[in-house]
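Take a look at the letters that make up each chain.
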Amino acid sequence: MRILIVEDEESLAELVANRLKKEKYIVDISNDGEDGLYNALEDVYDLILLDIMLPSVNGIDILKEIKKNNIKAKVIMLTAKSELEDKLLGFSEGANDYIPKPFHIDEVVARVNAQLRIEKVKDNNLEFGDLILDLKTSDIINKNNNEKINIINKEFQLLEYFMNNPNQVLSKEMIYDKVWGIENDSISNNLEAYLSFIRKKLKLIGSNVTIKSLRNLGYKMEYNDEGIK
């Protein structure tokens, strides 16, 4: 899952980003309000950590634009302004949570995890068909025969995205934005290679889950409960 941190204190933003990456989130950083607003409106993030006091555009105005444009991301306000009226203002504009500075980094992680908890996640697993993705160990497991293999980095991020969107056509652009984001111009050409690695590992554990290429459309994850022919 992908997170955007909009925070002008660069060292603080990096600290939070590095901690969230250890939780296997994909994290981007914007250090001013204008850049943060631009990235937020791309609508590729699951959650946005948003400071209020920002250069160019303040956090409340960014929040208003997020809601005005029906952006799906959850928003946690992350700010030194801890007065009650500021909290109420943030909530009235649609913020999902509010963490005043100074904060403990583990509290931020806990709040993020709470906002991104989804019904598909059971005991830190994602499941589709006969396939289990263990979000803690990065193992993929065939629940019919208990065969498993580890996947890492972009393989994990790609498979997580597909398993959160099974039986849906995902265009290359959607995948680039979600998995590579800001870096997509430089490394997105590796998509086919990573998908090839994933397909080989699915075959190694005997899974009947497939990721099909659809000409001129993109890709689709499917499950054949009668076996792959």
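For the structure, see preceding data.
Quick caveat, the model's predicted, so the values are computed rather than measured. Every chain is numbered independently, its residues counted from 1 as its sequence is written. In view of the model being predicted, local features appear only for residues whose pLDDT reaches at least 70, and side-chain atom pairs are presented and counted only at 80 or more, with totals across whole chains, interfaces and linings using the full set of residues. The side-chain numbers reported here are obtained from all heavy atoms of the structure, hydrogens and water having been left aside.

Next up on the list: the overall build of the protein chain. The number of helices and strands found in the protein chain is 9 helices and 12 strands. Counting the 229 residues in the protein chain, one finds 48% classified as buried. Long-range pairs, those at least 24 residues apart, make up 57% of the contacts in the protein chain between residues at least 6 apart in sequence. Elements are defined by DSSP. Helices are runs of H or I of four residues or more, strands are runs of E of two residues or more, and each kind is numbered from the N terminus. Exposed residues in this analysis have more than 50% of their type's maximum accessible area, buried residues have under 20%, and partly exposed residues fall in between, with area computed by a 1.4 Å probe over protein chains only. Whether two residues are in contact is decided by their heavy atoms: any pair within 4.5 Å suffices.

Classification of ring pairs rests on two measures: the distance between centres of Phe, Tyr or Trp rings, Trp counted by its six-membered ring, which must be within 6.5 Å, and the angle between planes, read as stacked under 30 degrees, edge-to-face over 60 and tilted in between. Overall, the coordinates contain 2 aromatic pairs when judged by the stated rule. Ring centres of phenylalanine 128 and tyrosine 223 lie 6.4 Å apart, and the angle between their planes is 70°; on these two criteria the pair is classed as edge-to-face. Taken as a pair, phenylalanine 128 in strand 6 (residues 125-128) and tyrosine 223 in strand 12 (residues 218-223) lie far apart in primary sequence, 95 residues in all. According to the relative accessible area criterion, phenylalanine 128 is buried, its value standing at 12%. Residue classification places tyrosine 223 among the partly exposed residues on the basis of a relative accessible area of 30%.

Right, let's talk about the sheet that holds strand 12 for a bit. Each strand in a sheet pairs with another by means of backbone hydrogen bonds, the pair being arranged parallel or else antiparallel. Two strands qualify as a pair provided DSSP detects at least 2 bridges between them. Strand order in this open sheet of 3 strands is 10-12-11, and the pairing throughout is antiparallel. Pairing within the sheet leaves two strands with one partner each, and these edge strands are strand 10 (169-170) and strand 11 (209-214). For every element, the axis is a line fit to its C-alpha atoms; helices are fit only across the contacting stretch, and the angle between N-to-C directions ranges from 0 to 180 degrees. The sheet strands contacting helix 6 (residues 153-163) are strand 10, strand 11 and strand 12, and the helix crosses strand 12 at an angle near 70°.

Roughly 600 Å³ of volume is contained in the largest pocket. Only protein atoms enter the 1 Å grid, on which a cavity is a set of points fitting a 1.4 Å probe that cannot get out and a pocket is an open set with protein on both sides within 12 Å along at least 5 of 7 lines, lining residues being those with an atom within 4 Å of a point. Lining the largest pocket are 25 residues, with Asp46, Lys72, Tyr161, Asn165 and Lys178 positioned closest to its centre. Of the residues forming the lining of the largest pocket, the biggest block, 4 residues, is contributed by helix 7 (residues 172-180). Class assignment for the residues of the lining of the largest pocket results in 11 nonpolar, 5 polar and 9 charged. Grid points are joined across faces, edges and corners, and a volume is the space filled by probe spheres set on the points. Under this grouping Gly is polar, as are all residues other than the nonpolar Ala, Val, Leu, Ile, Met, Phe, Trp, Tyr, Cys and Pro and the charged Asp, Glu, Lys and Arg.

Let's shift gears to the sheet that holds strand 9 (residues 148-150). The 4 strands lie next to each other as 6-7-8-9, forming an open sheet whose pairing is antiparallel. Looking at which strands have only one partner, the edges of the open sheet turn out to be strand 6 and strand 9. Neighbouring strand axes in the sheet, compared pairwise and without regard to direction, differ in orientation by 20° on average. Pairing of strand 7 (residues 131-134) with strand 8 (residues 139-142), which is carried by 3 bridges, proceeds in the antiparallel orientation. Counterpart to leucine 131 in the pairing with strand 8 is asparagine 142. Packing against the sheet, helix 6 makes contact with strand 6, strand 7 and strand 8, and its axis sits at approximately 125° to strand 7. Contacting strand 7, strand 8 and strand 9, helix 9 (residues 191-204) crosses the sheet at an angle of about 155° to strand 9.

Glancing now at the environment of isoleucine 152. Considering the arrangement of structural elements, one finds isoleucine 152 in the loop between strand 9 and helix 6. The exposure class assigned to isoleucine 152 is partly exposed, which follows from its relative accessible area of 47%.

This part takes up the nonpolar core. The definition of a nonpolar core used throughout is a set of buried Ala, Val, Leu, Ile, Met, Phe, Trp, Tyr and Cys residues joined through side-chain atoms within 4.5 Å. Leu133, Leu159 and Ile175 are the most contacted members of the largest nonpolar core, which totals 27 residues. Broken down by secondary-structure element, the contributors of at least two residues to this core are strand 6, strand 7, helix 6, helix 7, helix 9, strand 11 and strand 12. The element contributing the most residues to this core is helix 6, with 6 residues. Look past the residues within four positions of leucine 133 in its chain and what remains in contact with it is Asn124, Asn125, Leu126, Asp139, Ile140, Ile151, Phe156, Leu159, Glu160 and Met163. Within the second largest apolar cluster, 21 residues are counted, among which are Ile3, Ile76, Phe103 and Val108.

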